[in-house]
Amino acid sequence: AEAAETHAHYETCCAATCDTLKAAIKSRYAFWKSELKRCSQQSDADFLRNLSQRGLSGSLKFDHDNQRLDTSVVTSSQNVSAHATTDVKTLSGGEQAFTTLGLALAMWQFSQAPVRAMDEFDKNMDTTFVKASLQLLVEIFEQQRSRQFLILTPLDYSTPLQELGIDADEA
């Protein structure tokens, strides 16, 4: 009889623990979904802001159920050949590179890595795209001073950086 009472007590304790864990998991899942939605919205807004630096616009569509991220980019409305696309490959080389940079920068804030690296972000960019890209990078560098950034490029950006107010020693 005593063993049955002990067993019943343990069973009650286990059931209570299970209920507590279920409630905690449900609460954490609700928080995670809410945070995922907030981060998705923030990334989408940052992507649009980044693209607007060069007269483009666009959006990100997160499909969390299917683990997909789709982009939509609209080239300048002031350009006769402007168009909207969901396939970045249909953009010009500079637009592709700038869109990719805009996406990477929109997502970087959610990574906890202390070191960020980018190799030849400027490939296929003309000077206007390069200048807008450097402006975006400088903004990110200033916002995230606790991180280190490594940008690899064969090009000399001392003059464009000076135009942005960055001296050679700081660059």
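Structure shown above.
Residues numbered from 1 in each chain as written. Predicted model: local features only at pLDDT ≥ 70, side-chain atom pairs only at ≥ 80, totals over all residues. Heavy atoms only, no water.

Draft legend 1. Structural detail: the overall build of the protein chain. The helix and strand tally for the protein chain stands at 4 helices and 5 strands. From first element to last, N terminus to C terminus, the protein chain shows the α and β order α-β-β-β-α-β-α-β-α. Since a compact globule built from 171 residues should have a radius of gyration of about 16 Å, the 24 Å found for the protein chain marks it as more spread out than a globular shape. Judged by the C-alpha coordinates and their principal axes, the protein chain covers about 85 × 40 × 20 Å. Looking at the protein chain as a whole, 26% of its 171 residues are labelled buried. Sequence-distant contacts, at least 24 apart, represent 55% of the contacts inside the protein chain between residues at least 6 apart. Per element, the accessible surface of the protein chain, about 11600 Å² overall, is 53% carbon and sulfur. Measuring between centres, the 16 positive side-chain charges of the protein chain sit 5 Å from its 23 negative side-chain charges. (Helix = DSSP H or I, 4+ residues; strand = E, 2+ residues; numbered from the N terminus. Rg over C-alpha atoms; globule rule 2.2 N^0.38 Å. Buried < 20%, exposed > 50% of the residue type's maximum accessible area, 1.4 Å probe, protein only. Contact = heavy atoms within 4.5 Å. Areas by Shrake-Rupley, 256 points an atom, 1.4 Å probe, with all protein chains shown as cover. Lys, Arg positive; Asp, Glu negative; His and termini not counted. Charge placed at Lys NZ, Arg CZ, Asp CG, Glu CD.)

Draft legend 2. Molecular detail of the packing of aromatic side chains. Enumeration according to the criterion identifies 5 aromatic pairs in this entry. Between the aromatic rings of Phe 98 and Phe 129, the centroid separation amounts to 5.7 Å while the plane-to-plane angle is 45°, which identifies the pairing as tilted. One end of the pair, Phe 98, is in helix H2 (residues 93–108); the other, Phe 129, is in helix H3 (residues 127–143), and 31 residues separate them in sequence. Phe 129 carries the same exposure label as Phe 98, and that label is buried. Note that Arg 54 overlies the ring of Phe 129, its terminal NZ or CZ placed 4.4 Å from the centroid. (Phe/Tyr/Trp six-rings, centres within 6.5 Å; stacked < 30°, edge-to-face > 60°. Lys NZ or Arg CZ within 6 Å of the ring centre and 35° of its normal.)

Draft legend 3. Just a negative patch on the surface, in detail. Taken together, the side chains of Glu 142, Asp 167, Asp 169 and Glu 170 present a region of like negative charge at the surface. As for its placement among the helices and strands, Glu 170 is situated in the segment after helix H4 (158–163). Among the residues examined, Glu 170 registers a relative accessible area of 53% and is labelled exposed. (Patch = residues over 30% accessible without salt bridge, like charges linked within 9 Å, V, L, I, M, F, W, Y side chains within 5 Å. Salt bridge = Lys/Arg side-chain N within 4 Å of Asp/Glu carboxyl O.)

Draft legend 4. Here's a closer look at the pattern of salt bridges. Counted under the stated rule, the structure contains 3 salt bridges. Where Arg 38 meets Glu 35, a salt bridge forms, and the shortest distance between an N and an O atom there is 2.5 Å. Here Glu 35 and Arg 38 lie together in helix H1 (residues 2–52), a separation of 3 residues that amounts to about one turn. Among the residues examined, Arg 38 registers a relative accessible area of 39% and is labelled partly exposed. Between Asp 70 and Arg 68 there is a salt bridge whose closest N-O contact spans 2.4 Å. The class for Asp 70 is partly exposed, based on a relative accessible area of 28%.

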